[in-house]
Amino acid sequence: MLIYIHVPFCRIRCTYCAFHSTALGRGINPRTSERLQAYADTLLMELAHWGDRFGKTPVESVFFGGGTPSLLSPSFIHAVLDRIGRYFSLHPKAEITLEANPESLRTQQDAADFLAAGINRLSIGLQSLDDAALRMLGRAHKASDSLHTVFNAREAGCSNISVDLMWGLPGQSMRQWLQTLKDICRIGPDHISAYGLTLEPGTPLELECSEGRLALPPERDQNLMYMEGSALLESQGYLHYEISNYARMGFQCRHNLGYWEGRDYIGLGPSATSTMLHTRWTNPASQRAWDAQVRGGTLGQDPEVLTPRVRVLELIMLRLRTSRGLRLKAYKMLTGRDFVKDNQRMIQALHDNGLVRMRDGYLRLTRKGMLVSNAILRNLFENTDKMLAQPQTKPLTMPSASDFDEEELADLDRTLVRAAVFPSA
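Not measured: the values here are computed from a predicted model.

Novice: Could you give an account of the side chain of Thr15, naming the residues involved and the relevant values?
Specialist: For Thr15, the position within the fold is in the loop between strand S2 (9-10) and strand S3 (22-23). Only 2.9 Å separates the side chain of Thr15 from the backbone oxygen of Met136, close enough to count as a polar contact. The residues touching Thr15, leaving out its near neighbours within four places in the chain, are Met136, Leu137, Gly138, Thr203, Pro204 and Leu205.

Novice: An account of the environment of Leu233 is needed here, citing residue identities and associated values.
Specialist: When you line up the elements, Leu233 lands in helix H8 (residues 219-235). Since its relative accessible area comes to 1%, Leu233 is described here as buried. For the pair Leu233 and Cys185, spaced 48 residues apart in the sequence, the C-alpha separation amounts to 7.9 Å.

Novice: Quick one: what's the story with the packing of helix H14 (residues 344-352) against helix H16 (residues 373-389), residue by residue and with numbers?
Specialist: In helix packing, the relevant descriptors are the interaxial angle and the interaxial distance, both defined with respect to the helix axes. The interhelical angle for the contact between H14 and H16, taken along N-to-C directions, is 160°, at an axis separation of 10 Å. What the angle tells us is that H14 and H16 run roughly antiparallel. As H14 packs across H16, the resulting crossing turns out to be left-handed. Within the contact between the two elements, H14 uses Met346, Ile347 and Leu350 and H16 uses Ile376, Asn379, Leu380 and Asn383. Considered class by class, the residues forming the contact of H14 with H16 number five nonpolar, two polar and no charged.

Novice: Can you explain the packing of aromatic side chains? Please cite residues and give values.
Specialist: Taken as a whole, this structure holds nine aromatic pairs when the rule is applied. With a centroid separation of 5.5 Å and 80° between ring planes, the pair formed by Phe9 and Tyr39 is classed as edge-to-face. Separated by 30 residues along the polypeptide, Phe9 in strand S2 and Tyr39 in helix H1 (residues 34-54) bring together distant segments of the chain. A relative accessible area of 0% means that Tyr39 is categorised as buried. Aromatic rings pair up to connect Phe9, Tyr39 and Trp290 into one cluster. Above the face of the Trp281 ring, Arg53 is positioned so that its terminal group lies 5.7 Å from the ring centre.

Novice: Could you give an account of the pairing of strand S6 (residues 121-127), naming the residues involved and the relevant values?
Specialist: Counting buried positions along S6 yields seven of seven residues, so the element is predominantly enclosed. Pairing of S6 with strand S7 (residues 161-167) involves five bridges; the strand directions are parallel. Paired with Ser123 across the two strands is Ser162, which belongs to S7.

Novice: Lay out the nonpolar core with the relevant residues and their values.
Specialist: It is characteristic of soluble globular proteins that their nonpolar side chains tend to be buried jointly. If you look at the biggest cluster of nonpolar residues, it comprises 87 residues, and the most contacted ones within it are Ile5, Phe64 and Phe88. Among the elements that take part in this core, H1 stands out by supplying eight residues, more than any other. Counting residues in hydrophobic clusters, the runner-up holds 10 residues, among them Cys14, Cys17, Ala133 and Leu169.

The rules behind these values
Starting from 1, residues in each chain are numbered consecutively following that chain's sequence as written. The predicted nature of this model means local features are confined to residues of pLDDT at least 70 and side-chain atom pairs, given and counted, to a pLDDT of 80 or more, with totals for whole chains, interfaces and linings taken over all residues. Remark: hydrogens and water are excluded; side-chain values derive from all non-hydrogen atoms of the structure. Helical segments are the DSSP runs of H or I of at least four residues, strand segments are the runs of E of at least two, and each set is numbered from the N terminus. Here a polar contact is taken to be a pair of N or O atoms separated by no more than 3.5 Å, where protein atoms must pair a possible hydrogen donor with a possible acceptor and residues adjacent in sequence count only if both atoms sit in side chains. Contacts are residue-level and defined by heavy atoms, with any inter-residue pair within 4.5 Å sufficient. Between buried and exposed lies partly exposed: a residue is buried under 20% and exposed over 50% of the maximum accessible area for its type, with that area taken using a 1.4 Å probe on protein chains only. Interaxial angle, 0 to 180 degrees, is taken between N-to-C directions of lines fitted to C-alpha atoms, where a helix line uses only the stretch in contact. In this scheme, roughly parallel covers angles under 35 degrees and roughly antiparallel covers those over 145, while 65 to 115 is roughly perpendicular and the rest are oblique. Note: crossing handedness is left-handed where the near helix turns anticlockwise from the far helix by less than a right angle, and right-handed where it turns clockwise. The nonpolar class holds Ala, Val, Leu, Ile, Met, Phe, Trp, Tyr, Cys and Pro. Asp, Glu, Lys and Arg form the charged class, and all remaining residues, Gly among them, are polar. Ring pairs shown here join Phe, Tyr and Trp side chains whose ring centres sit within 6.5 Å, with only the six-membered ring taken for Trp; geometry is labelled stacked below 30 degrees between planes, edge-to-face above 60, and tilted in between. Two limits define a charge over a ring: the Lys NZ or Arg CZ must be within 6 Å of the ring centre, and within 35 degrees of the ring normal. Any two strands between which DSSP finds at least two bridges are classified as paired. Here the nonpolar core consists of buried residues drawn from Ala, Val, Leu, Ile, Met, Phe, Trp, Tyr and Cys, with membership extended through side-chain atoms lying within 4.5 Å.

Laid out in structure tokens, this is it:
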């Protein structure tokens, strides 16, 4: 099982952000904020609630996401991890990630305090190394802060550092993006998440672009940023193991891999989603409503039941996001059907255009296919849904990681090595 903890607070709100979060303001000390303290009290109660229900379930990873989780004090992080250890069975080598922004992780001591609290992986939101771009994005730090933060985290003893970057920014050129990646590779993070900018409706950045004050790079340039950026990172030893994620061997994000492999997870905090025992529910986005449900013991009382059909469709969607791809035998084991035959014309067309490859019983997207993954996955999803609606020769069974993950996990590194050796395949 995985545990995700949503921390819905930031110092200021970024211009592109559509996630549920509250800006505390630059002058507010988060450690003394009444709103954040109320959140902390309720979070511990929510942990106790799920501990009563799922107590002693093995936990493989804990992820503090947000928002800006590094606004929490290290002592509170320690208290949360202590409760998780008491209520569940926290693996001694569990991956424990904290998302952090440079402005809230300024010194080596800041990083050291979080490591002492139990964090063993830091995910640092840099987004850009250009000060003008950072101002446009509404970020509270400067490019120099980014480099110092990564350096301080390493000096503090953090052996697993991830950084977040964005490409396709207004005014960004291909040359600037590749230079950003070269500069990042010089400071040597273990993991890089590189996301194409998405203009979310209603955000200030979307308004600036829709009214013509800012303009995204041409589509051709954005495509090249993705393709050439991926090639550059792979040349520097970063395996392209998921559409937007790159890692040195052994540093793939185990928490996110758990999502893509369909493992159970509990989400805590406002707006967090949980998927447990083939059901799914989402906490209220409002802190007040979330607090009321926690105190009333009514969390997750009206869950969505994930039918075998839904679970199979999600299996396809999630597995095809990774470089390993969809194991065709797993699909047949769960459905009694042949995925390639069900989608023969579409897969042939995708293959002819260099968008998918089949190897060793897996169907996976090529790098070119990852660039247009949303359209490919949507079409495969819709077509497969129609096929599954037909009378079944074998009843759909509820997919479980235990059905096939042992074999898949055993060949994960081999598949990733192949992806590095044959990056165009």
